[in-house]
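Examining the three-dimensional arrangement
So the chains spell out like this:
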Amino acid sequence: VQLQASGGGLMLAGGSLRLSCVASGRTFSSYGMGWFRQAPGKEREFVAVISWNGGTTVYADSVKGRFTISRDNAKNTVYLQMNSLKPEDTAVYYCAVSRYSSGGPYSYDYIYWGQGTQVTVSS
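Now for a description of the structure that goes with this document.

Cut-off values and rules
- Residues numbered from 1 in each chain as written.
- Predicted model: local features only at pLDDT ≥ 70, side-chain atom pairs only at ≥ 80, totals over all residues.
- Heavy atoms only, no water.
- Core = buried A, V, L, I, M, F, W, Y, C linked by side-chain atoms within 4.5 Å.
- Buried < 20%, exposed > 50% of the residue type's maximum accessible area, 1.4 Å probe, protein only.
- Helix = DSSP H or I, 4+ residues; strand = E, 2+ residues; numbered from the N terminus.
- Contact = heavy atoms within 4.5 Å.
- Salt bridge = Lys/Arg side-chain N within 4 Å of Asp/Glu carboxyl O.

1. Quick look at the nonpolar core
Grouped together as the largest cluster of nonpolar side chains are 33 residues, with contacts concentrated most on Trp35, Leu80, Met82 and Tyr93. Only β1 (2-6), β3 (17-24), β4 (33-38), β5 (45-50), β7 (67-72), β8 (77-82), β9 (91-98) and β11 (117-122) provide two or more residues apiece to this core. Aside from chain neighbours lying at most four places away, what touches Met82 is Gly15, Ser16, Leu17, Leu19, Arg66, Phe67, Tyr93 and Val119.

Shown next, in the form of structure tokens:
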């Protein structure tokens, strides 16, 4: 099982980036998928999660209204559209697969993790 995240990069504040995470090795269409991030010197934090069919999404307060999580089960892919980026969004972003059909904000609920993609937002 492998999760490959991509789409990170360097962006000016106010800009947008779209992260993608492709899962391979098995299908995850029955499981929630989430995004977490970890900034230098800080603990990993929850960003967003989407249920197995896309019917339910949950966001951290810090990204609500700016980020949108979506998924394409036919492509075994989850996305994170990030708009109105702020310098405090700078972090390594990780995608993960939940052990449940929905998922939540706790990292221990996730059983597979991607390698991370760096997002840097400059002011």
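Now that the structure has been shown, we can carry on.
2. A few points about the pattern of salt bridges
Inspection of every chain in the model, using the stated rule, returns four salt bridges. Glu45 is the partner of Arg37 in a salt bridge, and the nearest nitrogen-oxygen pair spans 2.6 Å. On the basis of relative accessibility, which here comes to 35%, the residue Glu45 falls in the partly exposed class. The partner of Asp89 in a salt bridge is Arg37, with the nearest N and O atoms 2.9 Å apart. Of this pair, Asp89 sits in the loop between β8 and β9 while Arg37 sits in strand β4; the two residues are 52 residues apart in sequence, bridging distant segments of the chain. Taken together, the shared-partner salt bridges in this structure form one network comprising Arg37, Glu45, Arg66 and Asp89.

So yeah, pure geometry; function would need other evidence.
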